[in-house]
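Results of the structural survey
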Amino acid sequence: MKFLNLKFPEEVLMNGFLSFVTCHLISILSDYMYYARDPGQPPKTSSAVGDQLILFFRNIISSLSVSNQRQFLCSLLESIFDGRPWGGIPLFYLLRSISHIPCTRVWNYKVVKNATVNFEGCLSTQDVTLRSASQCDLLNAVFKHLSVETSLIEICDIVGHFRRKESWCRGTGTWEMIIDGLDIFNENYDNSSVHKALAETMSSLDCKDIVHPSDMALGINLLMEKNCRRNENNIRDFYTESLLKPITNFLRDCHMRPYLDQTKLAWTLQVVAVTLQIRYEVPSNNQGTELKHDSDLSCLVNGIISVAQLFITHMDMLNQPHDLDTLTHYLQLFGICNSAPPLRSTMKNLYVQILEKCKSLLEKTDPVKLLFGILILEHLLLFHYKDSGHSIREEYHQLFLQKIVHSIPSLTQRRSIEGYKSTEFTSNLLLETTRSCWSCIDILITKKKMGSTNSLAEIESTVEAFLPEAVNTLGRLNAVHVFQVAVSLAPSVIKTNMWQELVELMWRSSSEFRKGCDLYRSLIGYLSDLLFHRDAIVKPEYHKFIVQISQKLLTTGEAVQGIAAHMARSLIMPLSERAVRDGLPSGTLDELMQDVLVPLLMFGYVFRKQFKVVQDTVEYIQHCGTTYSTNILLESNWDADQRARAITLRFLLSLNKEKSSDRSIAEATVQGIRYQYAKCTVDRRDFGNSQSHRYKTRLLQALLLLLPLLDEEECLLSLSWLCKGLIKDHQQPSVRYMQEWGIALIIIFHPSFYPHLLKHFLEGAKERVGCVGSFLASLTHVACTTEEEEVLSQAIQYTLPWCMAQHFNTRLYAQVSLRKIWHHCQAINATAVLDKYDPMQQCLQFVVEQGSAARNTLNMLNDFYFKVFHPVQHYTLQTIVYDLPCLSLLANDEWLTVDFIMGAMDSSILPVRSEIPLHNMDKVLAESSPAPWVIKAAGEPSFPEDSEVSGSPVLNVQRKITPWKSMISELTAPLDLPNMAEPRQQRGGLILVASLIDKPPNLGGLCRTCEVFSVREYVVPSLAVLEDQTFNSLSLTAQQWVPVKEVKPDNLAEYLRTLQNEGYTLVAAEQTANSKKLSEYSFPERTAVILGNEREGIPCELLQLLDVCVEIPQFGIIRSLNVHVSGALFIWEYTRQHLAKPTSG
């Protein structure tokens, strides 16, 4: 995309180039793959193309006059939001680039309004982080380019189309940007359009263009916030009272007015509710904002009291299913008031009166009033129950037990309300009431720690009896509540042997909601909590079933991020309890460790390219901090797979070597590691960063963490297993490093195993010479950590023969190993060893100092693995999970930081008991570079210093033509662009007729060939094929540049006759009795080439109409070429023959 770095003068831009940008370039930029990180690009950085786009648009704007800026930016906004379905990545980078354009003020309200309306349609299918960041960028762009003549109410209308909880929530950087941006607009904020619209609406709802309640609420908040920043406290309060006066006047004594306008009341309630929502629903880390100006809204207290009294007085009048909306407005307002500090105490007093009225509704025989009573009771339980005394809570228990709980099964099955016609309103009321009932149960049971009573225990037993049926007949609205109740009742469910049945039902029922990813993720989370409940974990007879369901969950986790992470947390929570680990007989947890914990240790799948682009972009957005509201408002799942591993690694760090139960867990885990490693080992070498390569690395990381907890027997088994792994497989660098390091650590921890290492070394040398380098590395690390002269002597004895090995790498490894061991012997003054091998060392020294051997040895000694790496001093969590993966050139999504792992679980739940330090004491590994052989294995570019051709000029390089030069001829004069080998002609005289071809891939490939060689016209059987995904994957937008015409097969004969009448020669690409060879045929300038069907060729009746049949000479056995290839050969031969000829129009 070097094209994006070009800068054009205004005359070139206005001569068709801007149209190219808005009509064609925007479509091209919708491809995800353009935004992939370049090889070697640091993590947490944006796409190179994304950065180039910023420069590209800045260059265009800087070259244009103000009037042309307006024309281009309006056209650009319209072309982006023209109804096309945008992907999250391209849209993010496009909006990011527009938000970085310097301020212009060229967009009017209508242009921006249309764009934001269409923008809403692009958000539904995108990742929540990308969605949020795109909204922030577009809002930034709007406030940079929106005309200063735009009114405040219009600004509120625009901002209202963005999702508040994802972008402009109060307390975020975007909110601050909006407040600061208001200064530029020509609006008098003491008498704004919001003041006028509010006054007009409160005087009469019949006025034209009623403002939406949410827009009005936003305007009120913006004005209050603006006023608070420029005035003292007393002036602030006066301004707020004045601003809200139309509302407070209307609400005051509203309960005493017999002819109250209900439409106006509903509008006002919504305005007040949303106003309070915007003001008090702030991010958790900005709670100070909530209390900053509480007195501002105290003027609403009397109005809220009046509304509550109106509600209490007229509650009996809500007796029709369509009154659900009215009830919802009231309850929504009361709930928000309960969260607003100035109004909280007011609502607490009013709730006592509402409770009494609720009781009377639940006594009614009218089914609608009874259902409304249930909804009101849910509201009271949410906002009044927890602050009530014991007697009031018991009153709630009795009310729910006597009036509601027994009717829940029948209510769930009910499809109509007796005495009322079945309508949309009755259906909505029944669904909402069912949800409300389960919400009440959820609240009562989850809050039983506030004090259990006999009535609450009876509620639990009653619910438990019909819980399986409720799970089996789950609805979207009540699904979460039902699942949460199941988890809350887990102890009794497990005790009554209902647990397994319930888990199976929850698994089946949750699968119905897979399309709603967030809901499905929540349901699977509750299922995991029940599956791994403490009371189930301590029952060994349940473990087999737990393993079966866990395997299903892990499979599901491949497609739905976040499931494995929740599963890991659910499993680790009971295992973190010392009573669970110590209370079970040794070996009880082995099955769970091997078949559940170990798969979680290795969890995480290789992203396909498109998903890798998404992950990298989300990582960049997260790194931007408060620039994007998503980092304050939302929790992203972009690192969910890593969190699953981090949680299980955190658990391994909590195991205590002094506890036999922890040692047993470690032993079972290591056995599971060996088993899973064998499953992902194949006969051939793994590709770098492939799935099996990553699995092996993760398993070996876990093994290194567990080594201090293993007894001698298990360590000896692990030593043998690691050595056999070196002998059998030629591994990727990360796996090889950890195998070598693991072998060295076991010998260092257990010096008596040293003979076993030497034995495996000899066996490996006989079986596969390629493993000798790895054994030498392990041997060197062991020798350089000991002062035992016998060990050092044997290390030199086993190394010396390989210093003269035939294989270069083996010889080099041996020479480097010997030199490192020798230097260690000198450092510790191992005199006996030095004297014994001095003659050999001198001979070798002479050899390795000759010619290129000296340079090769020196380069190897500069490898971090031999120069600075210490197997004991660097035996830390940081080296295992971060430094070594970096130096092995593993993909950066495999690098886990220590802080990330430590933050995966609270230290109070999982204290670190491991002997392994968390961090390195020095920075030598962090400052090191990968070894040359690692770079080569990873396929990274390497430029050896001693290359014989390094000084030679490189003359033959790739050069792509610049197609826009033929489209805008003026570009070649003012711009220093590379000259094309041959100037591209106007479209030639060739027509390619492909109406008989069926398959979109062939049609797409031919379309691309037609564009490359400037075919005059391309004829297809149907223009609908241009929308086919397979067609587009091969055409690469060629259909936008070549004339395409539709001629159906039935009309082909008539079309061909027309061409003949226009002077075209009809040439069939077909083998016939009289066909001519392509190499011998001379094409007339006006030629139409007709291609046959993939299977049938050209029908006989059409052949009779054609002027000539031409065939491609063939020398093989297969009788024909693919039609796409044949067509390409015909097009090229025609082009070759006419290259030097002038083309007629």
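What counts, and at which threshold
- Residues numbered from 1 in each chain as written.
- Predicted model: local features only at pLDDT ≥ 70, side-chain atom pairs only at ≥ 80, totals over all residues.
- Heavy atoms only, no water.
- Helix = DSSP H or I, 4+ residues; strand = E, 2+ residues; numbered from the N terminus.
- Areas by Shrake-Rupley, 256 points an atom, 1.4 Å probe, with all protein chains shown as cover.
- Lys, Arg positive; Asp, Glu negative; His and termini not counted.
- Charge placed at Lys NZ, Arg CZ, Asp CG, Glu CD.
- Axes fitted to C-alpha atoms, helices over the stretch in contact; angles between N-to-C directions.
- Left-handed = near helix turned anticlockwise from the far one by under 90°.
- Contact = heavy atoms within 4.5 Å.
- Pairing = 2+ DSSP bridges.
- Phe/Tyr/Trp six-rings, centres within 6.5 Å; stacked < 30°, edge-to-face > 60°.
- Buried < 20%, exposed > 50% of the residue type's maximum accessible area, 1.4 Å probe, protein only.
- Lys NZ or Arg CZ within 6 Å of the ring centre and 35° of its normal.
- Salt bridge = Lys/Arg side-chain N within 4 Å of Asp/Glu carboxyl O.
- Core = buried A, V, L, I, M, F, W, Y, C linked by side-chain atoms within 4.5 Å.
- 1 Å grid on protein atoms, 1.4 Å probe; cavity = no way out; pocket = protein on both sides within 12 Å on 5 of 7 lines; lining within 4 Å.
- Points joined across faces, edges and corners; volume = space filled by probe spheres on them.
- pLDDT = per-residue confidence, 0-100.
- Polar contact = N/O pair within 3.5 Å; in protein donor to acceptor, adjacent residues only side chain to side chain.
- Expected span 1.5 Å × (residues − 1).
- Bend = angle between axes of the 7 residues up to and from the residue.

Details of the overall build of the chain
The number of helices and strands found in the chain is 54 helices and 7 strands. With the C-alpha coordinates of the chain rotated into their principal frame, the extents come out at 110 × 95 × 65 Å. A total of about 50600 Å² of accessible surface is found on the chain, and carbon and sulfur atoms cover 51% of it. Averaging the positions of the 107 positive and the 123 negative side-chain charges in the chain gives two centres separated by 1 Å.

Some words on the packing of helix H18 (residues 367-383) against helix H21 (residues 424-446)
Remark: H18 packs on H21, axes separated minimally by 9 Å, with the N-to-C direction vectors making an angle of 35 degrees. Relative to H21, the crossing made by H18 is left-handed. Taking contact as the criterion, the partners of Val368, Leu371, Phe372, Ile374, Leu375, Leu377, Glu378, Leu381 and Leu382 in H18 are, on H21, Leu429, Leu430, Glu432, Thr433, Arg435, Ser436, Cys437, Ser439, Cys440, Ile443 and Leu444.

Focus: the sheet that holds strand S3 (residues 1044-1046)
Pairing is parallel across the open sheet formed by 7 strands, whose spatial order is S3-S2-S1-S6-S4-S7-S5. Two strands close off the open sheet at either side, each with one partner strand: S3 and strand S5 (1076-1077). This element, helix H52 (residues 1052-1061), spans strand S1 (990-993), strand S2 (1017-1020), S3, strand S4 (1065-1069) and strand S6 (1087-1090) of the sheet and lies at about 170 degrees to S1. Of the strands in this sheet, S1, S4, S6 and strand S7 (1108-1111) touch helix H54 (residues 1123-1138), which is tilted by about 175 degrees from S1.

Quick notes on the packing of aromatic side chains
Counted by the stated rule, this structure contains 41 aromatic pairs. Seen from their ring centres, Phe3 and Phe56 are 5.9 Å apart, and the 45 degrees between their planes marks the pair as tilted. Note that Phe3 is positioned in the segment before helix H1 (10-28) and Phe56 in helix H2 (residues 48-63), a separation of 53 residues in sequence. Residue Phe56 is classed as buried on the basis of its relative accessible area, which comes to 1%. Taken together through their ring pairs, the aromatic side chains of Tyr737, Trp741, Phe749, Tyr813, Phe864, Tyr865, Phe866, Phe869 and Tyr875 make up a single cluster. Positioned above the aromatic ring of Phe185 is the side chain of Arg105, whose terminal nitrogen or guanidinium carbon lies 5.5 Å from the ring centre. Looking at Arg257, its charged tip hangs above the ring of Phe250, at a distance of 5.5 Å from the centre.

Here we look at the pattern of salt bridges
Per the counting criterion, the structure on display carries 35 salt bridges. Ionic pairing is found between Lys359 and Glu395, a salt bridge with its closest N-O pair at 1.6 Å. Of this pair, Lys359 sits in helix H17 (residues 341-362) while Glu395 is found in helix H19 (residues 390-403), placing the two residues 36 residues apart along the sequence. The residue Asp582 makes a salt bridge to Arg578 at a minimum N-O spacing of 3.2 Å. With Asp582 and Arg578 both in helix H30 (residues 578-583) and 4 residues apart, the pair spans about one turn of that helix. Under the relative-accessibility criterion, Asp582 is labelled partly exposed at 38%.

What about the nonpolar core?
Ranked by size, the top nonpolar core spans 324 residues in total, and within it Leu276 and Trp499 carry the most contacts. At 10 residues, helix H13 (residues 262-280) tops the list of elements feeding residues into this core. With 30 residues, the next largest nonpolar core counts Leu1003, Cys1010, Val1089 and Val1108 among its residues.

Digging into the pairing of S4
Consecutive residues of a regular strand have side chains that alternate between opposite faces of the sheet. Most of S4 is tucked away: 5 of the 5 residues are buried. Of the two faces of S4, the one holding Thr1065, Val1067 and Ala1069 and the one holding Leu1066 and Ala1068 are both buried throughout. For S4 and S6, the ladder comprises 4 bridges, and the chain directions are parallel. For Val1067, the partnering residue across the bridge sits in S6 and is Val1089. The pairing of S4 with S7 spans 3 bridges and is classified as parallel. Bridge pairing in S7 links Val1067 to Val1108.

Quick word on the layout of surface pockets
Estimates place the volume of the second largest pocket at around 1500 Å³. Along the wall of the second largest pocket there are 44 residues; nearest its centre are Asp127, Cys517, Arg521, Gln561 and Asn637. For the lining of the second largest pocket, the secondary structure elements donating two or more residues are helix H6 (128-145), helix H26 (517-531), helix H29 (563-575), helix H32 (609-623) and helix H34 (640-653). The element that contributes the greatest number of residues to the lining of the second largest pocket is H26, accounting for 6 residues.

Brief notes about the confidence of the model for the chain
The share of residues in the chain with pLDDT of 70 or more is 90%, and the mean pLDDT across the chain is 86. Segment residues 941-985: pLDDT under 50, and 41 contacts once partners within four positions in sequence are set aside and those in other chains are kept.

Quick notes on the side chain of Ser654
By the element assignment, Ser654 lies in the loop between H34 and helix H35 (660-679). With a relative accessible area of 3%, Ser654 lands in the buried category. In this structure the side chain of Ser654 is engaged in a polar contact, spanning 2.6 Å, whose partner is the backbone oxygen of Phe651. Once residues within four sequence positions are removed from consideration, Ser654 is found in contact with Arg581, Asp662, Leu910, Pro911 and Arg913.

Focus: H6
Turn by turn, an α-helix covers 3.6 residues, leaving residues three or four places apart pointing in a common direction. The end-to-end C-alpha distance of H6, which contains 18 residues, comes to 26 Å, matching closely the 26 Å that a straight helix rising 1.5 Å per residue would cover. In terms of burial, H6 is a largely internal element, 15 of the 18 residues being buried.

Looking at the environment of Arg1086
Mapping Arg1086 onto the fold places it in the loop between S5 and S6. Distance from Arg1086 to Cys723, taken between C-alpha atoms, is 73 Å for residues 363 residues apart in sequence. What Arg1086 contacts, discounting residues up to four positions off in sequence, is Gly989, Glu1062, Gly1063, Tyr1064 and Thr1065. Among the polar contacts made by the side chain of Arg1086, one reaches the main-chain carbonyl oxygen of Glu1062 at a distance of 3.1 Å.

Observations concerning H1
The first and last C-alpha atoms of H1 sit only 23 Å apart over 19 residues, clearly below the 27 Å expected at 1.5 Å per residue. Maximal helix bending in H1 amounts to about 60 degrees, located at Gly16. Among the residues making up H1, those that are buried are Val12, Leu13, Phe17, Leu18, Phe20, Val21, Thr22, Leu25, Ile26 and Ile28.

Details of unusual backbone geometry
A positive phi is found at Asn689, a non-glycine position, where the angle reads about 65 degrees. With a relative accessible area of 23%, Asn689 lands in the partly exposed category. The phi dihedral of Leu889 falls on the positive side, at around 60 degrees, and the residue is not glycine. One can find Leu889 in the loop between helix H46 (877-887) and helix H47 (898-902).

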